[in-house]
Amino acid sequence: MKTYLVTGGAGFIGSNFIHYMFEKYDNDIVIINIDSLTYAGNLENLKDIEKRDNYFFVKADICDKEAVKRVFTEHEIDRVVHFAAESHVDRSIKEPEVFVRTNVLGTAVMLNEAKAAWELPDGSYREGKKFLHVSTDEVFGSLEEDGGYFYETTPFSPHSPYSASKAGSDMLVKAYMDTYKFPANITNCSNNYGPYQFPEKLIPLIINNALSGKKLPVYGDGKNVRDWLYVRDHAKAIDMVIEKGRLFETYNVGGHNEKQNIEIVNIIIEALQEMLSDDDPRKKLVSKDLITYVEDRKGHDRRYAIAPDKIKKEIGWEPETMFKEGIKLTIKWYFEHEDWMKNVTSGDYQKYYDDMYGNR
Ligand code: NAD
Ligand code: DAU
């Protein structure tokens, strides 16, 4: 029976990962979720599993060394799956410092406490321990529109405070692997979408605005390209890298599903129009006329595209959910979770939205 320490498990990908793991392993694993519950952390995302005997929640900041140490002292942790981060690029442009604190310092604390708990007197590590650092393709920078892919060997060239802080965290993990032979893997994944994603990110923001007849803000010329992956496929990749990944290796995770932002917005509008019944009053609100081109994001990366060749060849992982299917599953989830959306968009979200989009 393995015990997983998941950081940031109340966020978008973390909560999807926890759901995936309990569906797959049921009572054969224990999960401890450490999360400080920032605006992005939401225990509603885990409501259906909170009563499980093999799930524990610890409300703590990953920068709080003592709190993290306590978790390692109280539990025999076998795997750390490190999601906790500030994750939104636009916020990082406005408030970079919190990104450096959580993403860099927080990762250093997690590494240090895991090392202290797992290291043996001769400098080797206790059997079967692994630290999986969840990172992003944004560390590699931006690709030309007409070609090229990010490989594991692509040099880092981050442009936003978010991606720079994630690159810093990746470098720390690499340093621990090189210096201390610390048992870890890194995954660098492309854009995720799916249930429980906070509506500051493109896809849930467009779904939510379209359903209420609000403007659909498209940055710049709308032709920036992202490589979209259904979140459950990412959760599966992480589990497979934990089980089969060679220690000290990095694996790129991506969907080979490149789309311009404007294409994504059009696909969502068309899917909403198709999926809403004729007597649903929201159907009349959803329209391409809502598309509004707004001032571009500062330092906006033009194109991301992952080459997932290594993870396919070594581990046998491939994306399973085609975008056409994944986007419908996602929209269906938001239809069925109107209260979730209402709760996360009340209060502070309105202020965030006005600050971010008011003068755009
Ligand atoms: P998210 O913003 O939805 O969730 C982040 C979680 O971390 C929240 O629950 C938040 O409360 C928690 N957290 C933040 N600061 C913390 C702190 N100091 N201490 C403890 N908990 C803290 O993020 P996400 O989209 O789920 O991303 C998760 C991870 O995956 C991040 O590391 C991100 O860089 C990476 N990633 C995300 C994507 C994507 O498309 N969303 C793609 C590739 C990689
Ligand atoms: O590539 C992986 C990364 O994907 C993750 O590391 C990040 O945590 C995650 O937030 C995501 O970053 P992006 O900046 O690519 O995602 P976002 O949803 O913010 O934006 C996607 C694209 O859509 C981007 O080109 C900016 C554009 N956009 C975004 C918003 C919120 C718009 O045009 N309008 C918007 O309102």
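These figures come from a predicted structure and were not determined experimentally. (Residues numbered from 1 in each chain as written. Chains lettered and ligands numbered in written order. Predicted model: local features only at pLDDT ≥ 70, side-chain atom pairs only at ≥ 80, totals over all residues. Heavy atoms only, no water.)

A. Quick peek at the site of ligand 1. Taken together, 28 residues are adjacent to ligand 1, and Ile-13, Asp-35, Ser-87, Tyr-162 and Lys-166 come closest. Between ligand 1 and Phe-83, the relevant distance is 2.8 Å, taken from an oxygen atom to a main-chain nitrogen or oxygen of the residue. The contact in question runs from a nitrogen atom of ligand 1 to an N or O atom on the side chain of Thr-102, over 3.1 Å. About the coverage of ligand 1: the protein hides 96% of its 840 Å² of free accessible area. Looking at the shell around ligand 1, the elements with two or more residues in it are helix H1 (12-25), strand S5 (130-136), helix H5 (161-180) and strand S7 (191-193). Looking at side-chain class alone, the shell around ligand 1 contains 13 nonpolar, 12 polar and three charged residues. (Near = heavy atom within 4 Å. Polar contact = N/O pair within 3.5 Å; in protein donor to acceptor, adjacent residues only side chain to side chain. Areas by Shrake-Rupley, 256 points an atom, 1.4 Å probe, with all protein chains shown as cover. Helix = DSSP H or I, 4+ residues; strand = E, 2+ residues; numbered from the N terminus. Nonpolar A, V, L, I, M, F, W, Y, C, P; charged D, E, K, R; others polar.)

B. Inspection of the packing of aromatic side chains at higher detail. On inspection of all chains with the given rule, the structure shows 26 aromatic pairs. Residues Phe-140 and Phe-150 carry aromatic rings whose centres are separated by 5.2 Å and whose planes lie at 35 degrees to one another, so their mutual orientation is tilted. Pair noted here: Phe-140 is in the loop between S5 and H5 and Phe-150 is in the loop between S5 and H5, with a separation of 10 residues, a long-range link. Given the relative accessible area of 1%, Phe-150 is considered buried. Ring centres of Tyr-219 and Tyr-357 lie 6.4 Å apart, and the angle between their planes is 35 degrees; this geometry places the pair in the tilted category. With a gap of 138 residues between them, Tyr-219 in strand S8 (residues 216-219) and Tyr-357 in helix H13 (residues 348-357) connect regions that are remote in the sequence. An identical accessibility class is assigned to Tyr-219 and Tyr-357; each is buried. Across from the ring centre of Tyr-39, 3.5 Å away, lies the NZ or CZ of Arg-91, which sits over that ring. A cation over a ring is seen here: Arg-226 above Tyr-304, with NZ or CZ 3.9 Å from the ring centre. (Phe/Tyr/Trp six-rings, centres within 6.5 Å; stacked < 30°, edge-to-face > 60°. Buried < 20%, exposed > 50% of the residue type's maximum accessible area, 1.4 Å probe, protein only. Lys NZ or Arg CZ within 6 Å of the ring centre and 35° of its normal.)

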